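Chains, contacts and geometry: an overview
So the chains spell out like this:
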Protein chains: 2
Amino acid sequence: MKTVSDNQADLLRRHGLQATAQRLAVLRAVSERPHGTADDVAGAVRARIGVISRQAVYDALGVLAENGLIRRIQPAGSPARYEDRVGDNHHHLICRRCGRMVDVDCAVGAAPCLTAAEDSGYEIDEAEVIYWGVCPDCREAPHTDRARP
Amino acid sequence: MKTVSDNQADLLRRHGLQATAQRLAVLRAVSERPHGTADDVAGAVRARIGVISRQAVYDALGVLAENGLIRRIQPAGSPARYEDRVGDNHHHLICRRCGRMVDVDCAVGAAPCLTAAEDSGYEIDEAEVIYWGVCPDCREAPHTDRARP
DNA sequence: CCAAATTATTGACTCTGTCAAGAGCACTCC
DNA sequence: GGAGTGCTCTTGACAGAGTCAATAATTTGG
């Protein structure tokens, strides 16, 4: 019988990547905590396999993202975040106060948003949409900004 | 007769900001070269008024953006960029190879894109849209990636 | 099991951007 | 038009996120 790790190892090899302990752990960490930063991932990986270098984390995240196994999101004012929900080009909704990020299905449709009004001759391959707002929790809580007299 | 600088000074004061030489020069630099980075702006300002500290540039860009006189765009993998086209919530189209950025009018309409399919209870105030692709020039030119054997 | 090639580790380094203290201006009020 | 007050600029140290480069360790095809 094959374990989850075996399947993920095969997945990596099918993409022409070597299946190392570090990459497997990174892949698993991203899938367990969507929208985590490289640092979060490093922490989760260390909890599981003991030790990993910062560079290995960046390398793994890099090749996984390049090969479409994970997706990198880089919101303004935040380090890059990673998620394993790929292939459906969904969008993100971020709270301006607490930074919490949630997924949003595309309003337009399945293969969405890839048509700009005028494409200026560009060959568009991705539409990145980030909605900014205030999450329910932060809306209820008193404004920390205004709280200081 | 009023000069351009006088008008911009008034503009600043109308927003409750002091009209300093540095701020005027920053505002002018942003308007002259849209999509420039803080560093570009600093260079342009130095060419005009001689010298400005890095901090003053960041301060000026910060207050101008806060007051809606300019807009800050922070694309993945690039330092922040600034433009003076504000108030119409247009979007951007960036070339993956050369980084060139062009404006795109919103496909949806005038006050656009603020409606996500499901808002998860968030109070959305901005929709940031970035299209990624390859510009006409880079499409014609040979791939630098593939060019190395 | 072995050799070649890919990956990981280590540590220095770069690039953007921020913080804090003091000096210098801009604007207001007389 | 001059002086005070408070905002703004300069200077220099600092921090976070990510990259580079050389060496050591694994993976994997044969």
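Keep in mind the model is a prediction, meaning the values are calculated, not measured.

Thresholds, definitions, all that
Residues numbered from 1 in each chain as written. Chains lettered and ligands numbered in written order. Predicted model: local features only at pLDDT ≥ 70, side-chain atom pairs only at ≥ 80, totals over all residues. Heavy atoms only, no water. pLDDT = per-residue confidence, 0-100. Contact = heavy atoms within 4.5 Å. Near = heavy atom within 4 Å. Polar contact = N/O pair within 3.5 Å; in protein donor to acceptor, adjacent residues only side chain to side chain. Nonpolar A, V, L, I, M, F, W, Y, C, P; charged D, E, K, R; others polar. Buried area = accessible area lost by both parts, 1.4 Å probe. Salt bridge = Lys/Arg side-chain N within 4 Å of Asp/Glu carboxyl O. Helix = DSSP H or I, 4+ residues; strand = E, 2+ residues; numbered from the N terminus. Least-squares fit on C-alpha atoms with pLDDT ≥ 70 in both. Pairing = 2+ DSSP bridges.

Details of the confidence of the model for chain A
In the predicted model, chain A carries a mean pLDDT of 85, and 83% of its residues have values of at least 70. Counting contacts from residues 144–149 of chain A, a segment whose pLDDT is below 50, to residues more than four positions away or on other chains yields 1 contact.

What to know about the protein's contact with DNA strand D
Surveying the vicinity of DNA strand D reveals 18 residues, the closest of which are A:Gln55, A:Tyr58, B:Thr20, B:Arg23 and B:Ser53. Sugar plus phosphate, as a fraction of atoms of DNA strand D within 4 Å of the protein: 66%. Within the side chain of A:Tyr58, one N or O atom sits 2.8 Å away from a phosphate oxygen of DNA strand D. Within the side chain of B:Ser53, a nitrogen or oxygen atom sits 2.8 Å from a phosphate oxygen of DNA strand D. Class assignment for the residues of the surface near DNA strand D results in 7 nonpolar, 7 polar and 4 charged.

Considerations on the interface of chain B and chain A
Taken together, the 37 residues of chain B in the interface contact 37 residues of chain A. Buried area between chain B and chain A, both sides added, is near 3,000 Å², and the carbon and sulfur share of it is 50%. On the chain B side of the interface with chain A, the three residues burying the most area are B:Tyr122, B:Glu128 and B:Tyr131, jointly 22% of the side's total. Summed over the shared surface of chain B and chain A, the number is 6 salt bridges. Taking the shortest distance from any N to any O, the salt bridge between B:Asp125 and A:Arg96 comes out at 2.6 Å. Counting only elements with at least two residues in the side of chain B that touches chain A, the list comes to strand E4 (91–95), strand E5 (101–104), strand E6 (123–134) and helix H5 (136–140) of chain B. The element best represented in the side of chain B that touches chain A is E6(B), accounting for 12 residues. When grouped by side-chain class, the residues that make up the side of chain B that touches chain A number 21 nonpolar, 6 polar and 10 charged.

Structural notes on the environment of B:Leu61
All names here are of chain B. Mapped onto the elements of the fold, leucine 61 is located in helix H4 (residues 54–66). Distance in space between the C-alpha atoms of leucine 61 and histidine 92 is 20 Å, their sequence separation being 31 residues. What leucine 61 contacts, discounting residues up to four positions off in sequence, is Val26, Val30, Ala38, Ile70 and Tyr82.

A few points about the protein's contact with DNA strand C
In the vicinity of DNA strand C there are 19 residues, among which A:Thr20, A:Ser53, B:Arg13, B:Arg54 and B:Gln55 approach most closely. The sugar and phosphate moieties of DNA strand C supply 68% of its atoms located within 4 Å of the protein. Considered class by class, the residues forming the surface near DNA strand C number 8 nonpolar, 7 polar and 4 charged.

A short note on the relation of the copies chain B and chain A
Take chain B, turn it by 179°, move it 0.0 Å along the axis, and it overlays chain A with an RMSD of 0.2 Å. Those values place the two copies in the arrangement expected of a two-fold rotation axis. Relative to the rotation axis, the closest C-alpha in chain B is found at B:Val129, a distance of 2.3 Å. Both copies share a contact surface, since 100% of the interface residues of chain B are interface residues in chain A too.

Considering the sheet that holds strand E1 (residues 36–37) of chain B
Spatial strand order, E1-E3-E2 (chain B): 3 strands in an open sheet with antiparallel pairing. With partners counted over all chains shown, the strands left at the sheet margins are E1 and strand E2 (71–73) of chain B, one partner each.

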